[in-house]
Amino acid sequence: MADALSSAAPPDSFRYSPRSLLALLRIYLGVILFITVLGKLTRDNPFVTEMLSYLQHVVNAQHASAWYLHFIQAVVISHATLFSYLVMTGELTAAISLLTGTATRIGAAVAMFLFLNFMLSKGRTFWAPDSQDAAVFFIALVVFLGRAGRVFGIDAHLARRWPRSWIW
């Protein structure tokens, strides 16, 4: 009986390829970013208020490296409104790119940049076992390197039209 079960081929609808697993990671990352930015866009108080509160906590806790703390104090806090719009725009752009599979490598690069900054603000490292931002950074890196938009995405059509482009 065990031999009959192990030799049975899976149905066609159950077949998958390694590239379809990349598409699953791409869509997962897009959903994470979409939910994150949706919360920022739909709340009553502006995101800049929450971001400034978080950055004040980062500065007071001093977990981040000295150069990053200096960057936060000298540049980000003094231009908080601009940076709040940049964060939301980056999250929305990356989410749409990853969910639709359009210019996926650009969307994944934006996601890597965002999660790297989140990680640095918390003073985390890539090898820290509790760094969720590092884990998501590496998911974005795999999506970037694997060209995940070519499966169940618009990049597949664009790659046929412009096969030499690095974007898809």
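In case you missed it, the structure is sitting above this.
Attention here is on the structure that accompanies the text.

### Some remarks on unusual backbone geometry
- The phi torsion at Gln62 lies on the positive side, around 55 degrees, for a residue other than glycine.
- Given the relative accessible area of 53%, Gln62 is considered exposed.
- Phi is positive for Phe152, which is not a glycine, with a value near 55 degrees.
- Of the residues examined, Phe152 reaches a relative accessible area of 67% and is grouped as exposed.

### Topic: helix α4 (residues 66–76)
- Tyr68, Leu69, Ile72 and Val76 are the residues of α4 that are buried. Down the axis, α4 shows its buried residues gathered within 105 degrees of arc, on one side only. Residues of α4 that are exposed and point more than 90 degrees away from the buried face comprise Ala66, Trp67 and His70.
- Against the buried residues of α4 lie α3 (47–61), α5 (80–100) and α6 (104–121).

### Quick look at α5
- In this model α5 runs 30 Å from its N-terminal to its C-terminal C-alpha over 21 residues, within 8% of the 30 Å that 1.5 Å per residue would give.
- Buried residues belonging to α5 abut α2 (18–42), α3, α4, α6 and α7 (132–146).
- A positive backbone phi angle near 75 degrees is found at Gly101, which sits one or two residues after α5.

### Comments concerning a nonpolar patch on the surface
- A surface patch of nonpolar side chains, amounting to about 720 Å² of accessible area, comprises Ile27, Val31, Phe34, Ile35, Leu38, Leu41, Leu92, Ile96 and Leu99.
- Among the elements of the structure, α2 and α5 are those that each provide at least two residues to the nonpolar patch.
- If you tally residues by element for the nonpolar patch, the top one is α2, at six residues.
- By the secondary structure assignment, Ile35 is in helix α2.

### Remarks on the pattern of salt bridges
- By the definition in use, this model includes four salt bridges.
- Here Lys40 makes a salt bridge to Glu91, at a shortest N to O gap of 2.7 Å. Separated by 51 residues along the polypeptide, Lys40 in helix α2 and Glu91 in helix α5 bring together distant segments of the chain. Here Lys40 and Glu91 have matching classes, each one buried.
- Between Arg124 and Asp130 there is a salt bridge whose closest N-O contact spans 3.5 Å.
- Judged by relative accessible area, which is 46%, Asp130 ranks as partly exposed.

### Quick notes on the packing of α3 against α4
- Closest axis-to-axis distance for the α3/α4 pair is 10 Å, and the angle between their directions is 140 degrees. When the axes of α3 and α4 are compared, the pair comes out oblique. The hand of the α3/α4 crossing is left-handed. Along its contact with α3, which presents Met51, Leu55, Val58 and Val59, the element α4 presents Leu69, Ile72, Gln73 and Val76.
- Among the residues forming the contact of α3 with α4, the class breakdown is seven nonpolar, one polar and no charged.

Conventions adopted
Residues numbered from 1 in each chain as written. Predicted model: local features only at pLDDT ≥ 70, side-chain atom pairs only at ≥ 80, totals over all residues. Heavy atoms only, no water. Buried < 20%, exposed > 50% of the residue type's maximum accessible area, 1.4 Å probe, protein only. Helix = DSSP H or I, 4+ residues; strand = E, 2+ residues; numbered from the N terminus. Arc of directions from axis to C-beta. Contact = heavy atoms within 4.5 Å. Expected span 1.5 Å × (residues − 1). Patch = residues over 30% accessible without salt bridge, like charges linked within 9 Å, V, L, I, M, F, W, Y side chains within 5 Å. Areas by Shrake-Rupley, 256 points an atom, 1.4 Å probe, with all protein chains shown as cover. Salt bridge = Lys/Arg side-chain N within 4 Å of Asp/Glu carboxyl O. Axes fitted to C-alpha atoms, helices over the stretch in contact; angles between N-to-C directions. Parallel < 35°, antiparallel > 145°, perpendicular 65-115°, else oblique. Left-handed = near helix turned anticlockwise from the far one by under 90°. Nonpolar A, V, L, I, M, F, W, Y, C, P; charged D, E, K, R; others polar.

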